Amino acid sequence: MRFALLCFAAALLGAEAPKGSEIHLRLKTKVSSNASKAGEAVEGVLIRPVIDRGAVVIPAGVTARGTVKEAKPSTRPEERALLHIEFTELTAQGAKAAPFAATLKRVENAREGVDKDGRVTGILASETVTARMDQGIQRVSKSLGRLGDFLNAAKSAMVKGADAEIVYEAGTDMILETTKAVDWSGPATIGPTPGEIPSVPELEQLVNRQPFQTTGEKPPKPSDITNLMFVGTEDELTGAFAAAGWSTAATLSATSKLETFRAIAENRGYKEAPMSALLLEGARAAFDFQKQNNTFAARHHLRIWRRPDTFLGKPVWVSAATHDTGIEFSAENRTFIHKIDSLIDRERSKVVNDLIFGGRVQGLALIDRPAVPKETKNATGDAVKTDGRMAVLL
């Protein structure tokens, strides 16, 4: 049996992160294009370790400090807001600050883009769904005045105009890339580190007898691959996701469908957005969790099913996690559907690292599943690629 752990590389004291290292950072400071000022202090925290050649060279939990370099609001429908943050040092309690130079590559699940210089560029209000609705109503008003007035009143009652400003709350995740090597001489570990789940044959057998593919409810097509197993009570499970900043999903209903439409039209987030039903051995998920930012189009999300098994005396749950990266209207399904990142192992890693950073994971393992296909498709036709392994979290 092969056990491989996702972040069990030995930590080094006085190590160097090379140029080009990927930094996963979570904001501790709220920033925005219309309220932040150049020179204002900004803080973030590394939410996963930086690993080089199998060793942790910068641990999760290190604080990144910097400033707002530029903040520019959108003052016209055809003008993009702008936000530029520059982090300049890494530090930890009792440690000497290390110089830090990195470029922002993307903001997780954000509607905005990032240019080559690491500046966040806002959306254009004139390109949003609400703006196109206004343009259509104006054309109706010119020929059928009263009908146009009625449509405008109905639209105003249902949806608001899109806010083109860039606003990132504390808790927003960002990906940066170092432009110089970082010499970290601070602590090798910060906070609790999960151990290895005992490598017993029972665990490999438990993992490999679980169903590995879900089925869509409508239409009933093969869909997401299960890629996570949780061992713990219901309270421990929900507490872990709450500590990691994930939200539960609303039940699919007329109300949640209307709120989903509003979120799409207004180009904003809806952190409790409903999920379509997927079945595992005919059963609906016991829990749905997701993590959004400022657009419904992109989110980290997963569904969790209770299994009849136990391990180490605790309940067993399995999950299928994927990253929604865009949205489009499906004529076949007559609704909006999300497109996913086909490399689902990245989402498995995201969930694992978020839960570890939340401090609720006691043990971790990564188990081979030879029977799982390395390539398949989900119920909406997106390609799915995986190494087939399942992460197990205690």
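Note that the structure is a prediction, hence the values are computed from the model and not measured. (Residues numbered from 1 in each chain as written. Predicted model: local features only at pLDDT ≥ 70, side-chain atom pairs only at ≥ 80, totals over all residues. Heavy atoms only, no water.)

**A few points about the sheet that holds strand 22 (residues 283-284)**
If you trace the four strands from one edge of the open sheet to the other, you get 18-17-21-22, paired in antiparallel fashion. Here the strands that pair on one side only, and so sit at the sheet edges, are strand 18 (222-225) and strand 22. As judged from the two bridges shared by strand 17 (residues 213-216) and strand 18, these two strands associate in the antiparallel manner. Bridged to Thr215 within strand 18 is Pro222. (Pairing = 2+ DSSP bridges. Helix = DSSP H or I, 4+ residues; strand = E, 2+ residues; numbered from the N terminus.)

**Details of the pattern of salt bridges**
Enumeration according to the criterion identifies 31 salt bridges in this entry. Residue Lys30 is joined to Glu169 by a salt bridge in which the shortest nitrogen-to-oxygen separation is 3.5 Å. Of this pair, Lys30 sits in the loop between strand 2 (22-27) and strand 3 (31-32) while Glu169 sits in the loop between strand 13 (167-168) and strand 14 (173-178); the two residues are 139 residues apart in sequence, bridging distant segments of the chain. Judged by its relative accessible area of 48%, Lys30 is partly exposed. Overall, Glu169 belongs to the partly exposed group, its relative accessible area being 42%. The partner of Asp354 in a salt bridge is Lys291, and the shortest N-O contact between them spans 2.9 Å. Linking Asp354 in helix 6 (residues 345-357) with Lys291 in strand 23 (residues 287-291), this pair joins segments that are 63 residues apart in sequence. For the pair Asp354 and Lys291, one class covers both residues: buried. A single salt-bridge network, built from bridges that share partners, covers Arg26, Asp173, Lys291, Lys350 and Asp354. (Salt bridge = Lys/Arg side-chain N within 4 Å of Asp/Glu carboxyl O. Buried < 20%, exposed > 50% of the residue type's maximum accessible area, 1.4 Å probe, protein only.)

**What to know about the pairing of strand 17**
The two faces of the sheet receive side chains in turn, since in a regular strand these alternate between them. Here strand 17 shows one buried face, formed by Thr214 and Gly216, and one open face, formed by Gln213 and Thr215. With antiparallel pairing between neighbouring strands as the criterion, strand 17 and strand 18 make up a hairpin whose turn holds five residues. Inspection of the sheet shows strand 17 paired to strand 21 (residues 278-280) by two bridges, in the antiparallel sense. Across the sheet, residue Gly216 finds its bridge partner in strand 21, namely Leu278.

**Notes on the packing of aromatic side chains**
As enumerated under the stated definition, the model contains five aromatic pairs in all. Their ring planes at 85° and their centres at 5.6 Å tell us that Phe230 and Phe241 sit as a pair that is edge-to-face. Of this pair, Phe230 sits in strand 19 (residues 228-231) while Phe241 sits in helix 4 (residues 234-243); the two residues are 11 residues apart in sequence, bridging distant segments of the chain. Among the residues examined, Phe230 registers a relative accessible area of 4% and is labelled buried. Take Phe241: its relative accessible area is 0%, and that puts it in the buried class. Here Phe241 and Phe289 contribute two aromatic rings whose centre-to-centre distance is 4.4 Å and whose plane-to-plane angle is 5°, an arrangement assigned as stacked. With Phe241 in helix 4 and Phe289 in strand 23, this residue pair connects regions lying 48 residues apart in the sequence. The pair Phe241 / Phe289 is uniform in exposure class, with both members buried. One aromatic cluster is present, formed by Phe230, Phe241, Trp246, Phe287, Phe289 and Trp317 through successive ring pairs. Sitting over the ring of Trp317, Arg306 keeps its end group 5.6 Å from the ring centre. (Phe/Tyr/Trp six-rings, centres within 6.5 Å; stacked < 30°, edge-to-face > 60°. Lys NZ or Arg CZ within 6 Å of the ring centre and 35° of its normal.)

**Remarks on the confidence of the model for the protein**
The predicted model of the protein has a mean per-residue pLDDT of 88, with 86% of residues at 70 or higher. The low-confidence segment residues 1-11 (pLDDT under 50) makes 45 contacts with residues lying over four places distant or belonging to another chain. Note on residues 147-152: pLDDT under 50 across the span, and nine contacts to partners over four residues away in sequence or across chains. (pLDDT = per-residue confidence, 0-100. Contact = heavy atoms within 4.5 Å.)

**A few points about unusual backbone geometry**
Cis geometry marks the peptide bond from Lys218 to Pro219, where omega comes out at 0°. With respect to the helices and strands, Pro219 occurs in the loop between strand 17 and strand 18. Positive phi, close to 50°, is recorded for Asn267, a residue that is not glycine. You can see Asn267 is positioned in the loop between helix 5 (254-265) and strand 21. If you check the backbone angles, Glu281 has positive phi at about 50° while not being a glycine. Structurally, Glu281 can be placed in the loop between strand 21 and strand 22. Look at Glu281 and you get exposed, because its relative accessible area is 60%.

**Quick look at helix 3 (residues 201-208)**
Listing the buried residues of helix 3 in full gives Leu203, Leu206 and Val207. For helix 3, the angular spread of buried residues about the axis comes to 95°, placing them on one side. (Arc of directions from axis to C-beta.)

**Thoughts on the side chain of Ser36**
Note on placement: Ser36 falls in the loop between strand 3 and strand 4 (41-46). Here Ser32 takes part through its backbone nitrogen, which lies 2.9 Å from a polar atom of the side chain of Ser36. If sequence neighbours within four positions are ignored, Ser36 has contacts with Lys30, Val31, Val68 and Ala71. (Polar contact = N/O pair within 3.5 Å; in protein donor to acceptor, adjacent residues only side chain to side chain.)

**Considerations on the environment of Arg48**
Among the structural elements, Arg48 can be located in the loop between strand 4 and strand 5 (50-52). Taking C-alpha positions, Arg48 is 7.9 Å from Asp354, a pair spaced 306 residues apart along the chain. Arg48 has contacts with His24, Ala60, Ser349, Lys350 and Asn353, leaving out every residue within four places of it along the chain.

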